[in-house]
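The lines below spell out each chain.
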Amino acid sequence: MNYDAIIIGAGISGLYQLLKLRQLGLNVKVFEAGTGVGGTWYWNRYPGARFDSESYSYGYSFSKELLDEWHWTEHFSPQPETLKYLNFVADKFDLRRDIQFRSRVKTAHWREGTRDWQIALEDGSKHEARFLITAIGLLSAPTMPRIPGVETFKGQSCHTARWPHEGVDFTGKKVAVIGTGATGVQTIQEVAKTAGHLTVFQRTPNWCAPLHNGKIDEAEMAEIRARYPEIFKRCQETFACFLHTPDPRAALESTPEEREALWEKLYANKGFGMWQGNFRDILIDREANKLVSDFVAKKIRQRVKDQKTADRLIPKNHGFGTRRVPLETKYFEVYNQPNVELVDIKETPIEAITPAGIRTSDKERAFDIIIYATGFDAITGAFDQIEFRGENGVTLKEKWKGGPQTYLGILVENFPNMMMLMGPHTALGNIPRSIEYSVEWVSGLMKHLHEKKITRIECRSEGVADWTNHVRALGEGLLSNEIDSWMTGINRNIEGKNTRIVARYSGSAPAYRARCDAIAAAGYTELNLS
Ligand SMILES: Cc1cc2nc3c(=O)[nH]c(=O)nc-3n(C[C@H](O)[C@H](O)[C@H](O)COP(=O)(O)OP(=O)(O)OC[C@H]3O[C@@H](n4cnc5c(N)ncnc54)[C@H](O)[C@@H]3O)c2cc1C
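About the thresholds
Residues numbered from 1 in each chain as written. Predicted model: local features only at pLDDT ≥ 70, side-chain atom pairs only at ≥ 80, totals over all residues. Heavy atoms only, no water. Helix = DSSP H or I, 4+ residues; strand = E, 2+ residues; numbered from the N terminus. Rg over C-alpha atoms; globule rule 2.2 N^0.38 Å. Contact = heavy atoms within 4.5 Å. Areas by Shrake-Rupley, 256 points an atom, 1.4 Å probe, with all protein chains shown as cover. Lys, Arg positive; Asp, Glu negative; His and termini not counted. Charge placed at Lys NZ, Arg CZ, Asp CG, Glu CD. Salt bridge = Lys/Arg side-chain N within 4 Å of Asp/Glu carboxyl O. Buried < 20%, exposed > 50% of the residue type's maximum accessible area, 1.4 Å probe, protein only. Axes fitted to C-alpha atoms, helices over the stretch in contact; angles between N-to-C directions. Left-handed = near helix turned anticlockwise from the far one by under 90°. Nonpolar A, V, L, I, M, F, W, Y, C, P; charged D, E, K, R; others polar. Near = heavy atom within 4 Å. Polar contact = N/O pair within 3.5 Å; in protein donor to acceptor, adjacent residues only side chain to side chain. Pairing = 2+ DSSP bridges. Disulfide = S-S within 2.5 Å. Phe/Tyr/Trp six-rings, centres within 6.5 Å; stacked < 30°, edge-to-face > 60°.

> Lay out the overall build of the chain with the relevant residues and their values.
In terms of helices and strands, the chain carries 17 helices and 20 strands. In summary, the chain has a C-alpha radius of gyration of 23 Å against a globular reference of 24 Å for 530 residues, a match within 12%. Once the C-alpha set of the chain is aligned to its principal axes, its extents read approximately 70 × 55 × 50 Å. Across the chain, contacts joining residues at least 24 apart in sequence account for 71% of those joining residues at least 6 apart. Summed over all atoms, the accessible surface of the chain reaches about 21400 Å², with 50% contributed by carbon and sulfur. Between the averaged position of the 68 positive side-chain charges in the chain and that of its 66 negative side-chain charges there is a distance of 2 Å.

> Tell me about the pattern of salt bridges, and name the residues and values.
One pass over the full model with this rule turns up 37 salt bridges. In this structure, Lys-193 engages Glu-190 in a salt bridge whose closest nitrogen and oxygen atoms are separated by 3.2 Å. Residue Glu-190 is classed as partly exposed on the basis of its relative accessible area, which comes to 30%.

> Outline helix H6 (residues 182-191), listing residues and values.
For H6, a buried count of eight out of ten residues is recorded, marking the element as mostly surrounded by other parts of the structure. Within H6 the residues assigned to the buried category are Thr-183, Gly-184, Val-185, Gln-186, Thr-187, Ile-188, Gln-189 and Val-191. Taken together, the buried residues of H6 touch strand E8 (174-178), strand E9 (197-202), strand E11 (327-328), helix H12 (331-334) and strand E16 (369-372).

> Explain the packing of helix H1 (residues 12-23) against helix H15 (residues 431-451) to me, using residue names and the numbers behind them.
When two helices pack together, their arrangement is given by the angle between their axes and by how far apart the axes lie. The interhelical angle for the contact between H1 and H15, taken along N-to-C directions, is 30°, at an axis separation of 9 Å. The way H1 lies across H15 gives a crossing that is right-handed. Of the residues in H15, those touching H1 at Ile-12, Ser-13, Tyr-16, Gln-17, Lys-20 and Leu-21 are Pro-432, Ile-435, Glu-436, Val-439, Glu-440, Val-442, Ser-443 and Met-446. Of the residues contributing to the contact of H1 with H15, the split by class is eight nonpolar, three polar and three charged.

> Let's hear about the site of the ligand: which residues, and what values?
Around the ligand lies a shell of 36 residues, among which Ser-13, Glu-32, Asp-52, Tyr-58 and Ile-431 are the nearest. One of the backbone nitrogen or oxygen atoms of Thr-40 is found 2.7 Å away from an oxygen atom of the ligand. Bound to the protein, the ligand loses 95% of the 980 Å² it would expose on its own. Residue assignment for the shell around the ligand shows that the elements contributing at least two residues are H1, helix H2 (40-43) and H15. Taken together, the residues that form the shell around the ligand break down as 19 nonpolar, 13 polar and four charged.

> Could you give an account of the sheet that holds strand E14 (residues 357-360), with specific residues and numbers?
Within the open sheet, the three strands sit side by side as E13-E14-E15. Their pairing is antiparallel. Across the chains shown, the open sheet's two edge strands, defined by having one partner strand only, are strand E13 (350-353) and strand E15 (364-366). Across the sheet, the mean angle from the axis of one strand to that of its neighbour is 20°, orientation sign disregarded. The pairing of E13 with E14 spans three bridges and is classified as antiparallel. If you follow Ala-352 over to E14, its bridge partner there is Arg-359.

> Pulling in residues and values, what's your account of the pairing of E16?
Look at any regular strand and the pattern is simple: side chains alternate between the two faces of the sheet. Burial along E16 is two-sided: Ile-369 and Ile-371 facing one way and Ile-370 and Tyr-372 facing the other are all buried. Relative to E16, strand E7 (residues 156-159) runs parallel, the two sharing four bridges. In the sheet register, Ser-157 faces E16, and the bridge partner there is Ile-370. As paired elements, E8 and E16 share four bridges and run parallel to each other. Paired with Val-175 across the strands is Ile-369, a residue of E16.

> Any chance you could break down the state of the cysteines for me, citing the residues and the numbers?
For the coordinates displayed, the defined rule picks out zero disulfides. Cysteine Cys-235 is unpaired, with the sulfur of Cys-241 as its nearest cysteine sulfur at 6.9 Å. Judged by relative accessible area, which is 0%, Cys-235 ranks as buried. Looking at the unpaired Cys-516, the closest cysteine sulfur is the one in Cys-241, lying at 12 Å. Judged by relative accessible area, Cys-516 falls into the buried class, the value being 0%.

> Any chance you could break down the packing of aromatic side chains for me, citing the residues and the numbers?
For the structure on display, the rule yields 34 aromatic pairs. Measuring from ring centre to ring centre gives 5.2 Å for Tyr-60 and Phe-62, while their planes differ by 65°; the resulting arrangement is edge-to-face. Judged by centre distance (5.5 Å) and plane angle (50°), the ring pair of Phe-62 and Phe-93 falls under tilted. Here Phe-62, found in the loop between helix H3 (55-58) and helix H4 (64-69), pairs with Phe-93, found in the loop between helix H5 (79-92) and strand E3 (99-100); they are 31 residues apart in sequence, far enough to count as distant. Judged by relative accessible area, Phe-62 falls into the partly exposed class, the value being 27%. According to the relative accessible area criterion, Phe-93 is buried, its value standing at 19%.

> Tell me about the environment of Trp-486, residues and numbers included.
If you trace the backbone, Trp-486 turns up in the loop between helix H16 (461-475) and helix H17 (509-521). Those residues in contact with Trp-486 that lie beyond four places of it in its chain are Leu-138, Leu-139, Arg-324, Ala-378 and Ile-379.

> Give a detailed account of the sheet that holds E9, specifying residues and quantitative values.
Within a sheet, adjacent strands bond to each other through the backbone by hydrogen bonds, running parallel or antiparallel. Spatial ordering of the open sheet is given by E7-E16-E8-E9-E12, a layout of five strands whose pairing is parallel. The sheet is open, and its two edges are formed by E7 and strand E12 (340-344), each paired on a single side. Taking the axes of each pair of neighbouring strands and ignoring which way they run, one obtains an average angle of 15° across the sheet. Here E9 runs beside E12; their pairing, made up of five bridges, is parallel. Its bridge partner being in E12, Gln-202 is matched across the sheet by Asp-344. The sheet strands contacting H6 are E8, E9 and E16, and the helix crosses E9 at an angle near 165°.

Any link to function would need more than the numbers given here.
Set out below in structure tokens:
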């Protein structure tokens, strides 16, 4: 056996897990498909890419030295800076020496006889370890749209999550963007600044809220550093680890003036407040949701000059906050520019990508560049791309056919010694906060196994049934679970992903941690250890 543990993926999860296992004295190897560290921030180099969590709530919290040394220059860090940060982390903790880049894992097979995992890379090489930890990301398997002729286009085609490292120049070019999710919104508002002409192909408009980004100077950064303990404490206490948490009041029990006052305040404030810091009933009560949706629709109508275009940009098939809310910077004003056209592909569907451009049901438009902002095969996509085989050859794909079934979102029955970071049915929210918790929980378990010389762990069917039922029960009554989105497992670009599932844990992060902590404190007696 080559290693005590193999980790797949060198994003925020994989990097921290490597560090923690190394501190336990274990012999660990990370295999990463990309040529560098960073995961999401390595792959998504499209113009305007940035996270919507406040920078100082998104970075790692585990090292005071790291917090003291790093200067975030914007409240919502752009992708190049986040990638620089993750490279800084890799260098600071000397992580690269245990990471093998350009190494895509194709298969991972459990071998009962030797109680180890054997993984095979794309190049055919095989590697073995007692434990396997997946850190492969929940938004890391990009999807292209299922439109005929994609491969025939003679101009430049770019998927936002496979963006050319040398960048793309839009100056004076005829550019198409397909997709108006969080990535599409960020791309469109940036490309519109330099493109000769921009055509946006929209299937489903999304409810957006303003980001209100700003620079952070030395003085403000010093103040943030002093507040770090308070910032991370707050993230530990809130529902989804964001700095924002729901207002305890209900929209329906508030007066129209109170509602308007909160919504105006949230709309003018930074970050996810409008989504995560709103009245407590807007995501569970249809009437409350309608009121907040009407407020945001009014804002769109005020910001977009042409009312027909404004109407097209207002979602009709879901309410505010029931899908991931993109945060924007002058996104709606883009549609006031003379060089920007919005095509609603529900009215005039795309029939084909042609060598010259895109043909919709009414006409063909020529383009120099087509940008596919068509997202990801979310949550389970990266798992589906690896052939995981557990006990008796069972595949993970077969196991999860009717939707994921896990224990805490970390372990899967019949897949001994395999642990997932940010797998399905785990707490997500402000994700690095959840990553740090999961990595530390997995590390605690690994320490226990190491000290007690335990070579095999597996969760029990009753534990999986309990957790899966709990996750499903938590999803009941949430308006977001009645909507088609990546959060309910729907992706029309992928065969078979057309039935809604409960793909994510929607309870509170503190409740999730309390449950996991209790299991650890009891000595992991809910697991089969031998
Ligand atoms: C555009 C964008 C914006 C986002 N904004 C936010 C935000 O505002 N707030 C927030 O909390 N989260 C945000 N996220 C989610 C983001 O993915 C997480 O915050 C975080 O980066 C996840 O880290 P990770 O290490 O778990 O996964 P990833 O960063 O996805 O890393 C997974 C790594 O695994 C590698 N990998 C996958 N499969 C294999 C394989 N078979 N073999 C080898 N390597 C493999 C990949 O190459 C990748 O490097 C955003 C995501 C995107 C795409």
